Amino acid sequence: GSKETLVTLKNSPKDYSSLRNSVIPNLLKILAQNQHNDYPQFLYEFGKVFKIDRNDELGVQEKDTLTIALCSDNSDFTSIKRVIDTLCRLLGINSAVSEHKASAFIPGRCASASSGKAHFAVFGEIKPQVLLNWNLVMPVAAAEIDVQSLMELAKNRTSQ
């Protein structure tokens, strides 16, 4: 996510002035704190993210996400795409992948996954500069999955 899309809070302590729009920074922080442990390190977190939504009554959309980070010397676009493909196969979802641009990911090594018109995931390789900002020396591939969209796709598939 980017600073412009953060949901800011009024009357809040300075350190907590906005709601997160991505879980990826949390996983990068955990990876940075655990570099003394053996690799590979594969993490996931199920958590809420918040996005500005002018169509919502409160102006904010709250979403449950499943975020996955793969950290090893061979974590790349293909390894995180394999995770998305496996998840889709297990849930019986036919997905399409298209190139995507997101600030944390390497251009050309980032994609979004969708089924029909429903977009449900963004994934790819984290930019070297982002890794450097967290003092990470190993490559990281990550995915952020919209759980509600994914579950609706799985439910619709099984009800057909």
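Analysis parameters
- Residues numbered from 1 in each chain as written.
- Predicted model: local features only at pLDDT ≥ 70, side-chain atom pairs only at ≥ 80, totals over all residues.
- Heavy atoms only, no water.
- Helix = DSSP H or I, 4+ residues; strand = E, 2+ residues; numbered from the N terminus.
- Buried < 20%, exposed > 50% of the residue type's maximum accessible area, 1.4 Å probe, protein only.
- Pairing = 2+ DSSP bridges.
- Axes fitted to C-alpha atoms, helices over the stretch in contact; angles between N-to-C directions.
- Contact = heavy atoms within 4.5 Å.

Describing the environment of Asn 135
Working step 1: Along the chain, Asn 135 falls in the loop between α3 (128–133) and β8 (140–146).
Working step 2: Taking relative accessible area as the criterion, Asn 135 reaches 58% and is therefore assigned exposed.
Working step 3: Considered as a pair, Asn 135 and Leu 28 are 107 residues apart in the sequence and their alpha carbons are 9.6 Å apart.

Details of the sheet that holds strand β3 (residues 41–52)
Working step 1: The 6 strands lie next to each other as β3-β4-β8-β7-β6-β5, forming an open sheet whose pairing is antiparallel. Because the sheet does not close on itself, it has two edges, and the strands there are β3 and β5 (96–99). Ignoring which end each strand starts from, the neighbouring axes of this sheet average 25° apart.
Working step 2: Of the pairings in the sheet, the one linking β3 to strand β4 (residues 60–71) comprises 12 bridges and is antiparallel in character. Looking at the pairing, Val 49 lines up with Lys 63 of β4.
Working step 3: Against the sheet, helix α1 (residues 24–33) engages β3, β4, β6 (105–115), β7 (118–126) and β8, with an angle of about 150° to β3.

A look at unusual backbone geometry
Outside of glycine, negative phi angles account for most residues, and trans bonds account for most peptide bonds.
Working step 1: Each neighbour pair has its own omega, and for Tyr 39 with Pro 40 the value is 5°, a cis peptide bond.
Working step 2: A positive phi angle, close to 60°, is found at Asn 135, a residue other than glycine.

Structural notes on the pairing of β7
Working step 1: The buried fraction of β7 amounts to 7 of the 9 residues, a majority that puts the element mostly inside the structure.
Working step 2: In the sheet, β6 pairs with β7 via 7 bridges, with the strands oriented antiparallel. Opposite Cys 110, over in β7, you have Gly 124 as the bridge partner.
Working step 3: Linking two consecutive strands that pair antiparallel, namely β6 and β7, is a turn of 2 residues; a positive phi of about 65° is found at Gly 116 within it.

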